[in-house]
Amino acid sequence: MTDHVRIVEVGPRDGLQNEKTPVSVEGRVAFVENLVKAGLHTIEVGSFVSPRAVPQMTDSDRVLRAVDRHPGYEFHVLVPNEKGYAAAKAAGAKVIAVFASASEGFSKANINCSIAESIERFTPVIEHAKADRIKVRGYVSCVLGCPYDGDVRPAAVAAVAKRLWDAGCYEVSLGDTIGVGTPAKARQMLRVVSADVPIANLGMHFHDTYGQALANLYAGMEEGARVIDSAAGGLGGCPYAPGATGNVATEDVVYMLEGMGISTGVDMTKLVAATNDICRLIGRTPVSRVASAINASKRA
Ligand code: HMG
Ligand code: MG
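So, how was this worked out
- Position labels on residues start from 1 in each chain and follow its written sequence.
- Labels are handed out in written order, letters beginning with A for the chains and numbers beginning with 1 for the ligands.
- In keeping with the predicted nature of the model, local features appear solely for residues at pLDDT of at least 70, side-chain atom pairs appear and are counted solely at 80 or more, and the whole-chain, interface and lining totals rest on all residues.
- Each side-chain value is derived from all of the structure's non-hydrogen atoms; neither hydrogens nor water enter the calculation.
- Put simply, DSSP H or I for four residues or longer makes a helix, DSSP E for two residues or longer makes a strand, and each gets a number counted from the N terminus.
- Only heavy atoms enter the contact rule, under which two residues are in contact if any of them lie within 4.5 Å.
- Note: metal donors comprise N, O and S atoms at 2.8 Å or less from the metal (3.2 Å for Na, K and Ca); water molecules are not included, so apparent gaps in a site are possible.
- Working definition: with a 1.4 Å probe on protein chains only, accessible area under 20% of the residue-type maximum means buried, over 50% means exposed, and in between means partly exposed.
- We call a residue near a given molecule or strand whenever any one of its heavy atoms falls within 4 Å of it.
- Counting of polar contacts relies on pairs of N or O atoms within 3.5 Å, with two restrictions inside protein: one atom must be capable of donating a hydrogen and the other of accepting it, and residues adjacent in sequence are counted only when both atoms are side-chain atoms.
- Accessible areas in this description were obtained via Shrake-Rupley with a 1.4 Å probe; residue shielding takes into account the shown protein chains only.
- Here the nonpolar group is Ala, Val, Leu, Ile, Met, Phe, Trp, Tyr, Cys and Pro; Asp, Glu, Lys and Arg are the charged ones; every other residue, Gly included, is treated as polar.
- Excluding any residue in a salt bridge, patches collect residues exceeding 30% relative accessible area, merging like charges within 9 Å and nonpolar Val, Leu, Ile, Met, Phe, Trp and Tyr side chains within 5 Å.
- The salt bridge criterion pairs a side-chain nitrogen of Lys or Arg with a carboxyl oxygen of Asp or Glu, the two atoms within 4 Å.
- Asp and Glu count as negative and Lys and Arg as positive, but His and the ends of the chain are not part of the count.
- Think of each charge as sitting on NZ of Lys, CZ of Arg, CG of Asp or CD of Glu.
- Viewed with both strands pointing away, a crossover whose connecting path from the first strand over the helix to the second turns clockwise is right-handed.
- One requirement defines pairing of two strands: DSSP has to find at least two bridges between them.

### Side note on the side chain of Arg 13
Here's step 1: For Arg 13, the position within the fold is in helix H1 (residues 11-15).
Here's step 2: Excluding its chain neighbours within four sequence positions, the residues that come into contact with Arg 13 are Glu 44, Val 45, Gly 46, Ser 47, Met 57, Leu 78, Tyr 139 and His 205.

### Here's the deal with the coordination of the magnesium ion (ligand 2)
The reference angle at a metal is 109.5 degrees if four donors form a tetrahedron and 90 or 180 degrees if six donors form an octahedron.
Here's step 1: Distances from the magnesium ion (ligand 2) to its protein donors, namely Asp 14 (OD), His 205 (NE2) and His 207 (NE2), fall within the range 2.0 to 2.3 Å.
Here's step 2: Along the chain, the residues donating to the magnesium ion (ligand 2) are arranged with the sequence spacing D-x190-H-x1-H. Of this pair, Asp 14 sits in helix H1 while His 207 sits in the loop between strand E7 (202-206) and helix H9 (213-222), and the two are 193 residues apart along the sequence.
Here's step 3: Among the residues examined, His 207 registers a relative accessible area of 4% and is labelled buried.

### Some thoughts on the site of ligand 1
Here's step 1: Near ligand 1, the surroundings consist of 28 residues, among which Gln 17, Arg 52, Asn 112, Ser 141 and Thr 177 are the closest.
Here's step 2: In the model, an oxygen atom of ligand 1 is placed 2.9 Å from a nitrogen or oxygen of the Arg 13 side chain.
Here's step 3: In isolation ligand 1 exposes 1,100 Å². Once the protein is present, 73% of that is buried.
Here's step 4: Mapped by element, the contributors of at least two residues to the shell around ligand 1 are H1, helix H4 (82-90), helix H5 (104-111) and strand E5 (135-141).
Here's step 5: Looking at side-chain class alone, the shell around ligand 1 contains 12 nonpolar, 11 polar and 5 charged residues.

### Quick notes on a negative patch on the surface
Here's step 1: Taken together, the side chains of Glu 104, Glu 117, Glu 120 and Asp 149 define an acidic patch exposed on the protein surface.
Here's step 2: On the basis of relative accessibility, which here comes to 41%, the residue Glu 104 falls in the partly exposed class.

### What about the pairing of strand E3 (residues 74-78)?
Here's step 1: Among the 5 residues that make up E3, 4 are buried, leaving the element largely enclosed by the rest of the structure.
Here's step 2: At this point the chain moves from strand E2 (residues 42-47), through helix H3 (residues 60-67), to the parallel E3, and the crossover so formed is right-handed.
Here's step 3: Across 3 bridges, the pairing between E3 and strand E4 (residues 95-101) is parallel. Paired with His 76 across the two strands is Val 95, which belongs to E4.
Here's step 4: In this view, the connection linking E3 to its parallel neighbour E4 by way of H4 has right-handed handedness.

Honestly, that's just the spatial picture; any functional story needs more than this.
In structure tokens:
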């Protein structure tokens, strides 16, 4: 069992990219700053994608420029192509994330190309980033099921993860984009993928649509995985993943890890305050169990 975990907070990107109420640059910056205060060191803060595809992430350059002044912290941004890379670099990005899919249907819907074309698109981006000393994280979506193609074979996930790893990504995050996985499936998928990419370099990015994400993470940790993507408040979703709900909530992950004796360095009171602030801004009630319990205990 893993005894050390790194959390990648994706709330300001995945959490807000599908919200009906777009959050202003100031609101997104305040969210990131609150997460920094809560002790989260790796935070995905935006994406350099087509503003027509995801208007919620417009002006991610302004968000990145405003927050990127904390030494020792990493602020990630998504990049789908060379145009996005140029903009991310100009905004001073030090870590970018490219995102592919294990299923053709989602690849086409999300980034308008086949899996093979997406790898061809990412290869020069990764090469430029290497030359510019910008770190590249890779994502593979639909690792436990696809909203368009249904079941996805672990071998298909491994093939895409290997391409990203071989191209130079320092870590490959495996997305259960629609949150359909269960622990045994998640474990099996990680076993297969870790034959091609070391388990220490695999991230678990599990959406919680069917309430299985914490159990899936635990199964992954038993396999030795130690990187967890999560979003404050359990926010999240993808405009091209119909029916999917949020990411596993950061406060639920922190509560589980601390309960296992794994220190996260996260201040729960400040994290729940960050969740409450962003949820107020978008007119939502926090869905995470831990935030709900802590908020209820304060009211009692
Ligand atoms: P396309 O239409 O094939 O691209 O879209 P194109 O190259 O033909 O360009 C079309 C227009 O977009 C042009 O503008 C380009 O300039 C512009 P026009 O001339 O028509 O005015 N454009 C851009 N603008 C700004 N920044 C750019 C950019 N690129 C082109 N980088 C494209 C292809 C990839 C651009 C589009 O499909 C897109 O932006 N998709 C993004 C989808 C997205 O952000 N999805 C959510 C993130 S992924 C996710 O959530 C999953 C994850 O969380 C893991 C998991 O849960 O599984 C990571
Ligand atoms: Mg996601």
